[in-house]
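In case you want the letters, here they are:
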Amino acid sequence: MLINLHIVNLALIDELDINFQEGLNILTGETGAGKSIIIGSIGIGLGGKYDTSLLRNPDKDGVVELLFSVDESTAATLKEEEIETEDGELLISRRLVNGRTVNRINDRTVTAAKLKAVAGHLIGLHAQHEQRTLLKVSKHLDMVDNYSEKIAALKQETASIFKNYKEISEKIESMQMDETERAKRLDYILYEINDIESARLVKGEDLELEAVFRKASAAQDIAAITSEVEMLAGYDSDKSAGSLISRAVRTMGGLSKLDPDTEEMIKLLSDIDGLLSDFSGQLSGYVSDMEFEPEVLRETEERLNLINSLKARYGSDIDTILSNLEGLKQEAEQLQDYDVTIGKLKKSLEAEQEKLEKACKKLTTERKKTAKELTATISEAMKELNFNDVRFDMEFEEGTPGPNGADKAQFIISTNVGEKMRPLVDCASGGELSRIMLAIKSVVSEADETPTLIFDEIDVGISGITAQKVGAVMRKLGSSRQVIAITHLPQIAAQADHGFVIEKEVIDSKTITSIRPLDEEGRVLELARLLGGENVTDTIIASAREMLSAKE
């Protein structure tokens, strides 16, 4: 759940900390106090638009931080996104610095796309424009698909079959050419095959040849260095290290006769002489190996030039060239036996098409079954929101088979007796829209198990008994997850587990938005304000107390 929201330098906010709780958190306040800024800040934290126009002081950084408490199930899901939690907590931070947004998750810098993906597992934000987005027809089938675990497997199977179907179809299309074109293409492919095969490529030979060529190209410099080392460390000159150490060994031999305690030193010196002798032998062998004939260097260079020219035409390395050679051979074989090849491909296409149609039918059957369950559950949820005569269903239309099946579907609704069913997008507006989306989200969120739900302006266009029922549904939602909502209605505010009031005040000639949690008495007074406006009487306060006690 969302534990803390920290905001710095945003709109009317200098700096603000809000500690949210489990259950239903309700935010209230006068019109214009800045309630939309709070929800907007959460939206920014989830990856929304963030630019300098939103800053209170454009010369200072803007900061939005969301601190979440994460359960084991959500932590496991986040791990699949390569995000680790720390002591069961996760911090999302967005800082606007010099017009550039820096996104971090637990102090790790991430892309906006990664931040949005992670945030989607933690919180669902349902402002008015998000509600309308959910009413897009393209989203309806997604809701059904997400409501059933079986559909995911069927979609995966359908997508796999469609991929095979598409590949075969594209192969047939690419081979559609007349006899002259086929002959021309075949000649060119045979030329390329011969071009590669005549080189007799061996895997890894380019790396070996490059090493040889590097050494051969540097042979003169290598010879100069090794010659000097041989002179300094070898045995060919009386002044070389090897010769001098050998003389020292012989001289030390006389010392051992005079003092037996010097044997250890003599042994060390003999070891040095032996190591230097071994080094001289290895150096001599290395020099012999470095004696390149000019013809060898020329042949190596020519072979490398040939290989590199093939790389430029057929692949970046020898493995790729040889792989492409096999592809060319297959294409040549297909062109040489064109009619048989096309016949086989068309049979394969027919078989894949049949499999695709069967997979689409299975997917459609499961979707219709799931849609029936989902719409029935949503209908019941709508009745709890004072839609007494509602009928809610899903209308299916068969389309062209594709990776997502062959279904076109949309929700249809009738809210009054005798009224025919119509597409949801055509008939829902105002208060109806808010309630319908609350019903849908109350059902769908149970399936997706989003830990935190946020509702902005859920009470638009409603009042009275309907508002009371909306509050009851939100309280029910809050019993199984964290819910954060803004409201203007006392019937909804009274259902809160935790209340917050958003206020706007002038301090040092600056208008500032602040928020504070309400204790029990504070909730009574805020409810009284919502009930009575400026004229809060003892009777209204008593009514507010009664509303709070009635929810228990």
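Note: the structure precedes this text.
Residue positions are counted from 1 within each chain, in the order its sequence is given. Totals for whole chains, interfaces and linings use every residue, but because this is a predicted model, local features are given only for residues with pLDDT of at least 70 and side-chain atom pairs only at 80 or more, for both listing and counting. Side-chain measures here rest on the full set of heavy atoms in the structure, leaving out hydrogens and waters.

### A look at the side chain of His6
- Looking at where His6 falls in the secondary structure, it is placed in strand E1 (residues 2-10).
- Each polar contact in these results corresponds to two N or O atoms within 3.5 Å; when the atoms are within protein, one needs to be able to donate a hydrogen and the other to accept it, and residues that are neighboring in sequence are counted only if both atoms are side-chain atoms. A polar contact of 3.4 Å, which involves the side chain of His6, links it to the side chain of Glu15.
- Of the polar contacts made by the side chain of His6, one reaches the backbone oxygen of Leu16; its length is 3.4 Å.
- In this structure His6 touches Glu15, Leu16, Asp17, Val63, Val64 and Glu65, once residues within four positions along its chain are discounted. For helices the rule is a DSSP run of H or I covering at least 4 residues; for strands it is a run of E covering at least 2, with both sets numbered from the N terminus onward. The criterion used for residue contact is that any of the two residues' heavy atoms lie within 4.5 Å.

### Comments concerning the pairing of strand E4 (residues 62-69)
- A pair of strands is labelled paired if DSSP reports no fewer than 2 bridges between them. The pairing of E1 with E4 spans 6 bridges and is antiparallel. Bridging across to E4, Leu2 finds its partner in Phe68.
- Here 8 bridges tie E4 to strand E5 (residues 89-97), and the two strands are oriented antiparallel to one another. Across the sheet, residue Val63 finds its bridge partner in E5, namely Arg95.

### Points about helix H3 (residues 112-120)
- Here the term buried applies to any residue with accessible area under 20% of the maximum for its type, exposed to any over 50%, and partly exposed to those in between, with areas from a 1.4 Å probe on protein chains only. Residues Leu115, Val118 and Ala119 constitute the buried set of H3. Viewed end-on, H3 has its buried residues packed into an arc of 100 degrees, placing them on one side of the element. Note that the arc is defined by the directions from the helix axis to the C-beta atoms.

### As for the sheet that holds strand E7 (residues 108-109)
- Across the sheet, which stays open at both edges, the 6 strands sit in the order E2-E1-E4-E5-E6-E7 with antiparallel pairing between neighbours. Of all strands in the sheet, those with a lone pairing partner are strand E2 (13-19) and E7, marking the two edges.
- For E5 and strand E6 (residues 100-105), the ladder comprises 6 bridges, and the chain directions are antiparallel. Considered in E6, the bridge of Ser93 is made with Arg104.

### Some points on the pairing of strand E9 (residues 391-402)
- Where E9 and strand E10 (residues 405-414) come together, 9 bridges link them in antiparallel fashion. Across the sheet, residue Met394 finds its bridge partner in E10, namely Phe411.
- Adjacent in sequence and paired antiparallel, E9 and E10 are bridged by 2 residues.

### So, the sheet that holds strand E11 (residues 422-423)
- With respect to topology, 3 strands assemble into an open sheet ordered E9-E10-E11, the strand pairing being antiparallel. Single-partner strands in this sheet number two, and they are E9 and E11.
- With axes taken as lines fitted to C-alpha atoms, and helix axes fitted only over the stretch in contact, angles between N-to-C directions fall between 0 and 180 degrees. On the sheet, helix H14 (residues 338-383) packs against E9 and E10 and is oriented at approximately 165 degrees with respect to E9.

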